[in-house]
Amino acid sequence: MSTQTYQISPAEKKFIGLHLFFAVAALSIGALFGPLQALEHAGLDLYPYLKPVFQSYYQGLTLHGVLNALVWTTFFITGFLTLAVTNGLQRPLKYPTLNKVGFWTMVVGLVTAAIPLLLDEASVLYTFYPPMKAHWAFYLGLTLVVVGSWIEGYGFFYTFAAWRKDNPGVRSPLSAFGAIITMGMWQIATLGVATEILTMLLPWSLGIIDATDPQLARTYFWFTGHPLVYFWLLPAYLSWYSFLPKQVGGKLFSDALSRFAFWLFFLLSVPLGFHHQYVDPGVPAGWKLLHAILTYSVFLPSMMTAFTVVASLEKAGRARGGKGLFGWIRALPWSDPSVSSQLLAGILFFFGGIGGLANASYNVNLVLHNTAWVPGHFHLTVASAVTMSFMGISYWLVPFITGNKLMSKKLANWATWLWFVGMVIFSNAMHVVGLLGAPRRTPLGLAPYVPEEWSGHLLRVGIGGTIMFFGIYLYIYVLARTAWSKKAEKVTIEIPLAESEHDPQDTPEWLDKWVPWIIGTIALLVIAYGPQLVDQIGNISLNAPGGRVW
Amino acid sequence: MTSKSSMHIDPYERNWIIISIVLLVTFATVVGVAGFAFGIQVPSPEQRVDPRTVADEGPWADPGLRELSPGKYEAYILAQTWVYMPREMSVPVGSEVTFYITSKDVQHGFKLQDTNLNVQVVPGQVSKLTITFDEAGDYNYICTEYCGAGHAAMFGTLHVEP
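Residues numbered from 1 in each chain as written. Chains lettered and ligands numbered in written order. Predicted model: local features only at pLDDT ≥ 70, side-chain atom pairs only at ≥ 80, totals over all residues.

Draft legend 1. Main features of the overall build of chain B. Of the regular secondary structure elements, chain B holds 1 helix and 10 strands. Sequence-ordered secondary structure for chain B, helices as α and strands as β, is α-β-β-β-β-β-β-β-β-β-β. In summary, chain B has a C-alpha radius of gyration of 22 Å against a globular reference of 15 Å for 162 residues, an excess of more than 25%. Referenced to the eigenvectors of the C-alpha coordinate spread, the extents of chain B come out at roughly 75 × 35 × 30 Å. (Helix = DSSP H or I, 4+ residues; strand = E, 2+ residues; numbered from the N terminus. Rg over C-alpha atoms; globule rule 2.2 N^0.38 Å.)

Draft legend 2. Representation of the overall build of chain A in the model. Regarding its fold elements, chain A presents 18 helices and 0 strands. For 550 residues, the compact-globule formula gives about 24 Å, and the C-alpha radius of gyration of chain A, at 23 Å, lands near that figure. Projected onto the principal axes, the alpha-carbon positions of chain A cover approximately 60 × 50 × 45 Å. Per-residue burial for chain A yields a buried fraction of 59% across its 550 residues. Residue pairs at least 24 apart in sequence account for 86% of intrachain contacts in chain A once pairs closer than 6 positions are excluded. (Buried ≥ 20, exposed ≤ 12 C-beta atoms within 10 Å, placed from the backbone. Contact = placed C-beta atoms within 7 Å.)

Draft legend 3. The nonpolar core, seen in detail. Within the largest apolar cluster, 220 residues are counted, with the highest numbers of intra-cluster contacts made by Ala23, Ala179, Phe231, Phe265 and Ala385 of chain A together with Ile101 of chain B. The element best represented in this core is helix α3 (residues 57–89) of chain A, accounting for 19 residues. Each of two domains, domain 1 (10–40) and domain 2 (59–161) of chain B, supplies a minimum of three residues to this core. Among residues more than four places away in sequence, those in contact with Phe231 of chain A are Ile77, Thr182, Met185, Trp186 and Ala189 of chain A. (Core = buried A, V, L, I, M, F, W, Y, C linked by C-beta atoms within 7 Å. Domains from an automatic or database assignment.)

Draft legend 4. Main features of the interface of chain A and chain B. Tallying the contact residues gives 59 residues for chain A and 60 residues for chain B. Listing elements by their share of the side of chain A that touches chain B, those giving two or more residues are α8 (214–242), α10 (255–268), α11 (285–319) and α14 (365–368) of chain A. Across the side of chain A that touches chain B, the residue classes break down as 37 nonpolar, 15 polar and 7 charged. (Nonpolar A, V, L, I, M, F, W, Y, C, P; charged D, E, K, R; others polar.)

Draft legend 5. Fine view of the domain arrangement of chain B. For chain B, the assigned domains read domain 1 (10–40) and domain 2 (59–161). Look at where the C-alpha atoms of domain 1 of chain B and domain 2 of chain B centre, and you get two points 35 Å apart.

Draft legend 6. View of the pairing of strand β2 (residues 72–80) of chain B. Residue and element names in this part refer to chain B. Bridge count for strand β1 (residues 64–69) against β2 is 5 bridges, and the pairing is antiparallel. Each residue of the ladder has a partner; that of Gly64, found in β2, is Tyr76. Connecting the antiparallel pair β1 and β2 is a turn made up of 2 residues, with Gly71 showing a positive phi of about 80°. Relative to strand β5 (residues 96–103), β2 runs parallel, the two sharing 8 bridges. For Leu78, the partnering residue across the bridge sits in β5 and is Thr102. Hairpin connection between β2 and strand β3 (residues 83–85): a loop of 2 residues separates the two successive antiparallel strands. (Pairing = 2+ DSSP bridges.)

Draft legend 7. Main features of helix α1 (residues 11–37) of chain B. Taking 1.5 Å per residue, 27 residues should reach 39 Å; α1 of chain B reaches 38 Å between its end C-alpha atoms and fits that length. For α1 of chain B, the full list of buried residues reads Phe27, Ala28, Val31 and Gly35 of chain B. On its buried face, α1 of chain B is in contact with α11 and α13 (337–360) of chain A. Note on α1 of chain B: the residue one or two positions beyond its end, Gly39 of chain B, has a positive phi of about 65°. (Expected span 1.5 Å × (residues − 1).)

Draft legend 8. Highlighting the confidence of the model for chain B. Looking at chain B as a whole, its pLDDT mean stands at 92, while 96% of the residues score no less than 70. Interface predicted TM-score (ipTM) for the complex: 0.93; the corresponding pTM is 0.96. (pLDDT = per-residue confidence, 0-100.)

Draft legend 9. Region of interest: the environment of Ser338 of chain A. Residues and elements named next belong to chain A. Note on placement: Ser338 falls in helix α13. Between the C-alpha atoms of Ser338 and Pro284, which are 54 residues apart in sequence, the distance is 46 Å. Other than its neighbours up to four places away in sequence, Ser338 contacts Gln247, Gly392, Tyr395 and Trp396.

Draft legend 10. Quick peek at the environment of Tyr76 of chain B. Residue and element names in this part refer to chain B. Considering the arrangement of structural elements, one finds Tyr76 in strand β2. Separated by 69 residues in sequence, Tyr76 and Glu145 place their C-alpha atoms 19 Å apart. With near-sequence residues (within four places) excluded, Tyr76 lies in contact with Pro59, Trp60, Pro63, Gly64 and Tyr100.

Draft legend 11. Quick look at the sheet that holds strand β7 (residues 118–121) of chain B. Residue and element names in this part refer to chain B. Taken together, 5 strands build an open sheet; the order of strands is β4-β10-β9-β6-β7 and the sheet is mixed. Among the strands making up the open sheet, the edge pair consists of β4 (88–92) and β7. Each neighbouring strand pair of the sheet contributes to a mean axis angle of 20°, computed without reference to strand direction. Note that strand β6 (residues 108–112) and strand β9 (residues 137–142) share 2 bridges and pair antiparallel. Within the sheet, the bridge partner assigned to Lys111 lies in β9 and is Ile142. (Axes fitted to C-alpha atoms, helices over the stretch in contact; angles between N-to-C directions.)

Draft legend 12. Representation of the packing of helix α1 (residues 10–30) of chain A against α3 of chain A in the model. Residues and elements named next belong to chain A. Contact pair α1 / α3: the axes reach a minimum separation of 8 Å and the direction vectors enclose 165°. Judged by the inter-axis angle, α1 sits roughly antiparallel to α3. Judged by the sense of rotation from one axis to the other, the crossing of α1 with α3 is left-handed. Its residues placed into classes, the contact of α1 with α3 shows 15 nonpolar, 8 polar and 1 charged. (Parallel < 35°, antiparallel > 145°, perpendicular 65-115°, else oblique. Left-handed = near helix turned anticlockwise from the far one by under 90°.)

What follows is the structure, encoded as structure tokens:
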């Protein structure tokens, strides 16, 4: 299976490269606001100096969340998964035009949403809870981004189906399989936010209906909001399973359990959204407890992933001469920035996972909810595990696409380490100050209730955020110089697709069958969400008109 | 060739999975016990109100403390941009206070610092939680959900008097 006979065509490379271009362009604007927020917490508010262009902390925070967490991720993921599907299946996209339509729909959506964002007409943060009312173009733009990602997903499904038809009985290649799982889960997960926008927010912002039901909107939103996290994470896992072992000179430890983990994510990613609503008044406590238990169960495939990935890395490290309990870690090729980024991503994710368990705890969450702990936590997940993995992937993917050698391994490693060190300082301080009671989403320099005991931690927030700023722009600089240098040395990169230790054909067939898992997923969704959706939709009260409050 | 219906699982990996499951069941049990045996509460549906009229009629038209019996209070709190009504309250130490919180405009948060009282305030819904104050002091309640331009300044104080 490891022989790569199919060569991704120049047109496909360009198409994947366009995804990366928009992803990194969004990141380059979104990341600008990170240090502004962090420095504000440390007592240095630079927003007044940006006044003609950016109106407030909240506008900056909205741009930061939307461009980084929604746009950078979605564009990178659809591009990377295009590679995983075509390279994994060793064939071109079945309907390249369909994928192009999907991609450009996403771009139109991005531009449509960006205009009101930049004009301060949509400073509602990336959760856009009604009845805080943004310009309709913001909701329309987000819808188009999601619809575009759906269409790209259909393109993958058709390609996969065509492969299956030509290869009956053959185990699907893990990288393509993971890509299809990710996009399949995404189709189900996004039904929540699509319903929220299309039945409530868009008609309301256009003046067709007068008011909203904010509680029902929250339920719709969090139907999508938590699986969104897995939409970000699964492509990183895919890289850790299918590419990283090869990059360290090893093999994937277990094809079967990797596949099983993906299926558990497919099954369990969606029916647990109420754990974001533990303190919502309109959701019964019993349903919250059920979702708490389901949230614990989705932790299992992450634990399995941790084992499989670490086992693959340890075997490779020992084969490279690493000895002792931890010596194999040092033996890994840390000088390769693609490897170091992904290893550091995994280390930070260990702490992100522990914090996630605290968040998921029905009662402990009472102490953490809406505090600085929460952004501290998701900076360890989406901004570390996911973003650092994507940084690592792009260190080989951009040279693969452009044919240009990575501008400097050394600078790329510096970018990665700066981000890592900054993140350790920043996220630890955010967790601690959150436990002390500091709210999230708040310019604390303007808050009258900040006690003296927070100030040391807030200073560390500012220091960490500033170091991260240098890390991320160094990363963008290295990528840009790699992609657009005329003098760059030409290289031919072979896609680092890892083999499995066992022949994938030995993986049991039930791990490669779709219908039973899809039926199970729908059944679990109906059990976990059905009664509450029927109840909340049945008792809908569109009585919160809201408006613009910024 | 192994059989195609069974999965090859390394012994270490099998143990790891078992330990993981035991851990997760333990966590879930602890949370369940805390929820039921220690009475740690999260809000549940209490009542629906109309945010357009809630400030004009009913208990939130006159927000504040009501003494039900000695040491037992209800606190009706109305959140709005960018202030809580009332901004200040006082109860004697040892009091049990049941909070009924709603909003007349957008979503807010209500976090009573240094306690487990932390709720989302959603227009149209009433967030209800009960808490007993065993220690005297000034407890700030702060808005923890972004609610617009003046969000950072939105807070109030509950004085628990010795």
